[in-house]
Amino acid sequence: MEDVRRKFRETIEQYHMLRQGGRVVAAVSGGADSVCLLALLCGLRGELGIQVRAVHVHHGLRGAEADRDAEFARQLCERFEVPFVLRRVDVREFARAEKLSEEEAGRLLRYRAFEECAAAWESGAWAEEAGEGTVWPEGAGEAGGGHAWPEETRAADGGNHGAAAGDPPETDAVRVAVAHHGDDQAETILHNLCRGSGLKGLGGMRPVRGRIIRPLIAVGRKEILEWLSANGLSFCQDSTNDTDHYTRNRIRRQLIPMLQEQVNPGAVESILRVGRLAGQADDYLSGQALEWTGRHAREEDGRILIPEKEFEQLPEILRAYVIFQAMARVGGRAKDLTSGHVDQVLGLFGVQAGRSQDLPYGIRAVREYEGVAVGRRETAFGQPRTEAVFRYFSYKKGTEIPKNQYTKWFDCGRIKGTPVVRNRQSGDYITLADGRTKTVRRFMIDEKIPREKRDSVLLLADGSHILWIVGYRISEYYKVGPDTVRVMEVRMEAPARDDPASDVIKEDENGGKDHGR
């Protein structure tokens with residue numbers, strides 16, 4: 001059983017997931033994988049001095065079974081002496097409102113809850129996340145209940161188990177550990193392969209993505225079950241995993257066993273090896289494409305011009321990467337962009353000027369004399385549009401924050417990805433002053449923004465988390481505060497009257513909706 005702990009530790013070290021004295025929120029569903037994750041993380045409390053807290057997300061979909069899982073997770077954390085928060089979300093309503101599948105809606109809400117709880121810990125507001133399921137385990141006593149708990153899991157949390165305000169100040173981000181394991185990774189790679197994904201998809205889930213870490217990614221499901229049995233740890237079984245309704249379940253229950261029995265007993269290990277190589281290749285090619293774009297492409301007026309002469313000298317695979325990155329940057333996200341869309345843009349090279357292709361997320365690629373320009377459909381090509389000017393600098397405490405409606409400051413340390421200016425998308429949300437989040441859709445309804453203008457309002461986005469709804473408010477989460485070290489300043493040029501968003505933004509000038517926020 002030492003193999004599980006060894007692989008767990010090696011993965012953490014290889015990908016620099018946790019540092020000495022770091023803080024981590026464990027996503028605990030109550031299933032076998034998350035129980036193993038929590039137990040192993042608690043085993044590092046004495047060794048690395050890390051602090052561990054836990055979040056369980058109740059999706060409101062499985063009735064009494066979901067209630068059972070939530071109670072199991074609460075009791076588990078109580079026995080491990082881990083502060084615990086139960087978050088309830090309405091997946092069905094969110095899916096209906098945002099026109100998503102329940103599976104996608106659940107994923108978005110789940111990761112949003114993880115992000116909010118981690119951010120609350122960083123800001124000293126963990127107690128505000130507390131609901132009916134919160135456990136503060138001082139005085140909870142030794143773990144019992146018939147479980148043979150591993151000795152190392154009984155170590156202290158590394159500090160105060162009470163409100164986060166009592167924790168020592170930290171300069172690095174709180175991590176969120178999720179329990180994806182090797183078999184999950186193999187399923188993901190096979191699923192992506194069958195859907196026609198490129199190298200990025202074949203690379204599967206990244207061990208580290210922003211604050212998300214996957215310490216069990218090198219451990220197999222069978223190993224996890226054997227480890228739990230050896231340590232006397234029980235877990236909950238999600239009945240939806242026992243059906244073949246979902247594609248991933250069919251891959252797990254039918255395809256992978258068939259490959260192991262009829263093709264190669266080590267099929268999963270081989271798939272994971274190919275996934276690692278594909279991920280490495282994708283990282284390298286992405287870097288090469290970014291470097292080429294920085295040297296040769298021109299970004300102006302909200303579009304990216306790819307010059308034909310230099311582009312034709314690139315190897316074919318790098319051409320695809322350059323196009324894909326341009327579409328993702330203009331559209332604000334890469335999800336649902338496929339090799340077919342890349343081929344549509346590639347087909348514009350060599351044809352007459354003026355030809356165009358419409359793509360997802362309001363993207364339009366247009367053939368011009370010098371090459372191909374990738375921009376937004378609502379932006380008239382050749383006409384100026386609102387432009388974001390970024391500037392970065394060190395922050396000195398006490399510096400006055402500008403109140404300009406089109407110049408905003410943000411805490412660099414809280415930004416997880418590459419901020420982009422775009423229009424709204426399903427799943428977008430903003431953090432309010434009281435720490436709650438609100439979907440951009442609901443925010444626009446509450447602000448009485450006319451329906452026909454909502455898709456034209458500009459957003460500064462960090463993934464689905466919105467830093468700034470231009471002309472209305474910035475996210476509380478990204479505001480400059482006492483712990484800010486570096487600032488990202490974003491200046492938006494005032495839009496012209498023929499800009500699609502101008503009426504909305506002008507309302508801010510006259511009506512003062514922004515109030516310096």
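Each remark here, short or long, concerns the structure printed above.
Read on for an overview of the structure. Nothing here was measured: the structure is a model prediction, and the numbers come from that model.

Attention shifts here to the sheet that holds strand β1 (residues 23–27). Read across the sheet, 6 strands follow the order β3-β2-β1-β4-β6-β5 without closing on themselves; strand pairing throughout is mixed. The sheet is open, and its two edges are formed by β3 (84–88) and β5 (208–209), each paired on a single side. Inspection of the sheet shows strand β2 (residues 51–58) paired to β3 by 5 bridges, in the parallel sense. When the sheet's bridge partners are listed, Val55 is paired in β3 with Val85. Seen against the sheet, helix α4 (residues 64–80) touches β2 and β3 and runs at an angle of roughly 170° to β2. The strands that helix α6 (residues 102–122) touches are β1, β2, β3, β4 (175–177), β5 and β6 (212–213); relative to β2, the one it contacts most, it runs at about 145°.

Before going further, it helps to spend a moment on the sheet that holds strand β8 (residues 303–307). The strand order β7-β8-β11-β10-β9 describes an open sheet built from 5 strands, whose pairing is antiparallel. A strand with exactly one partner marks an edge of an open sheet, and here the two such strands are β7 (298–300) and β9 (356–359). Neighbouring strand axes in the sheet, compared pairwise and without regard to direction, differ in orientation by 20° on average. Examined bridge by bridge, strand β10 (residues 363–367) and strand β11 (residues 371–376) share 5 bridges and lie antiparallel to one another. Paired with Ala365 across the two strands is Val374, which belongs to β11. Against the sheet, helix α14 (residues 339–346) touches β9, β10 and β11, its axis set at about 160° to β9.

Let's shift gears to the environment of Val480. Mapped onto the fold, Val480 is located in the loop between β19 (473–474) and β20 (486–492). Exposure remark for Val480: the relative accessible area of 14% places this residue in the buried category. Here the alpha-carbon distance between Val480 and Phe410, two residues 70 residues apart in the chain, equals 5.5 Å. Residue contacts for Val480: discarding those within four places in its chain leaves Tyr395, Ile401, Trp409, Phe410, Asp411 and Val487.

Quick look at the pattern of salt bridges now. On inspection of all chains with the given rule, the structure shows 36 salt bridges. Note that Arg329 is salt-bridged to Glu299, the shortest N-O span being 3.1 Å. On the criterion of sequence distance, the pair formed by Arg329 in helix α13 (residues 316–331) and Glu299 in strand β7 is long-range, its members being 30 residues apart. Judged by its relative accessible area of 37%, Arg329 falls in the partly exposed class. One connected set of salt bridges, linked through shared partners, spans Glu115, Glu122, Arg211, Arg414 and Lys416.

Reading guide: rules and limits
Residues numbered from 1 in each chain as written. Predicted model: local features only at pLDDT ≥ 70, side-chain atom pairs only at ≥ 80, totals over all residues. Heavy atoms only, no water. Pairing = 2+ DSSP bridges. Helix = DSSP H or I, 4+ residues; strand = E, 2+ residues; numbered from the N terminus. Contact = heavy atoms within 4.5 Å. Axes fitted to C-alpha atoms, helices over the stretch in contact; angles between N-to-C directions. Buried < 20%, exposed > 50% of the residue type's maximum accessible area, 1.4 Å probe, protein only. Salt bridge = Lys/Arg side-chain N within 4 Å of Asp/Glu carboxyl O.

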